[in-house]
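Architecture at a glance
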Amino acid sequence: MSEPLTTAGEGFHPHLHPPGEERTAAPLHTRLHHIRADALDGDTAQSGGMRRFAAISGRTTGSEKLWMGQTHVAPSTASSDHHHGESETAIHVVSGHPEFVFLDHSGAEPEEVRLRTGPGDYVFVPPFVPHREENPDPSDEAVVVIARSTQEAIVVNLPHL
């Protein structure tokens, strides 16, 4: 049961809709989309110290409610302080040991909290929560997969947390 891989630009499985079948949905919403690792889109909102790459977005696939991609944080680097507007953000750590820093306002005084993560871990960032990503490793970059509840990557850079 070995199916051939789709080729770059093909991005869907043509057998899902027989030839001549009438389609009522917009063309981008009638097929699966295959985004190859070497075709990620680096033309996204950025923060200093990291690079974001879109895989699934309104622009790449016609997504209406979801953005998904990768973020790479270089060794011994920290991103700018930022938030993601109205987006809920889910993060899955693929490699490295990135740290996520935010201010916890639940006590009498705001306290800086540092979440130390590793491969396989997940982090949830609620809408409008200022934070930054750091990679304390001096030799290896950290790579995470990100999913957002909006179709584009909203990034609002801030002067501080």
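As a reminder, the structure under discussion sits directly above these lines.
For the structure given in this document, a descriptive report is provided here. (Residues numbered from 1 in each chain as written. Predicted model: local features only at pLDDT ≥ 70, side-chain atom pairs only at ≥ 80, totals over all residues. Heavy atoms only, no water.)

By the secondary structure assignment, threonine 71 is in strand 2 (residues 67-73). Residues contacting threonine 71, with those up to four places away along its chain left out, are Met50, Arg51, Arg52, Ala142, Val143, Val144 and Ile146. (Helix = DSSP H or I, 4+ residues; strand = E, 2+ residues; numbered from the N terminus. Contact = heavy atoms within 4.5 Å.)

Considering all chains together, one arrives at 1 cavity of 30 Å³ or more under this definition. Roughly 70 Å³ of volume is contained in the largest cavity. His84, Ile91, Glu133, Ile146 and Arg148 are, among the 14 residues lining the largest cavity, the residues nearest its centre. With 3 residues, strand 10 (residues 142-148) is the single largest residue contributor to the lining of the largest cavity. Of the residues that constitute the lining of the largest cavity, the class distribution is 6 nonpolar, 5 polar and 3 charged. (1 Å grid on protein atoms, 1.4 Å probe; cavity = no way out; pocket = protein on both sides within 12 Å on 5 of 7 lines; lining within 4 Å. Points joined across faces, edges and corners; volume = space filled by probe spheres on them. Nonpolar A, V, L, I, M, F, W, Y, C, P; charged D, E, K, R; others polar.)

On to the packing of aromatic side chains. Per the counting criterion, the structure on display carries 0 aromatic pairs. Directly above the aromatic system of tryptophan 67 lies the positively charged group of arginine 148, at a separation of 5.1 Å from the ring centroid. (Phe/Tyr/Trp six-rings, centres within 6.5 Å; stacked < 30°, edge-to-face > 60°. Lys NZ or Arg CZ within 6 Å of the ring centre and 35° of its normal.)

What follows is about the sheet that holds strand 8 (residues 122-125). Pairing is antiparallel across the open sheet formed by 5 strands, whose spatial order is 1-2-10-5-8. Looking at strand neighbours, the two that pair on one side only are strand 1 (50-56) and strand 8, the edges of this open sheet. When strand polarity is set aside, the average angle formed by the axes of neighbouring strands in this sheet is 25°. With 6 bridges joining them, strand 1 and strand 2 adopt antiparallel strand pairing. Directly across from isoleucine 56, in strand 2, lies its bridge partner methionine 68. (Pairing = 2+ DSSP bridges. Axes fitted to C-alpha atoms, helices over the stretch in contact; angles between N-to-C directions.)

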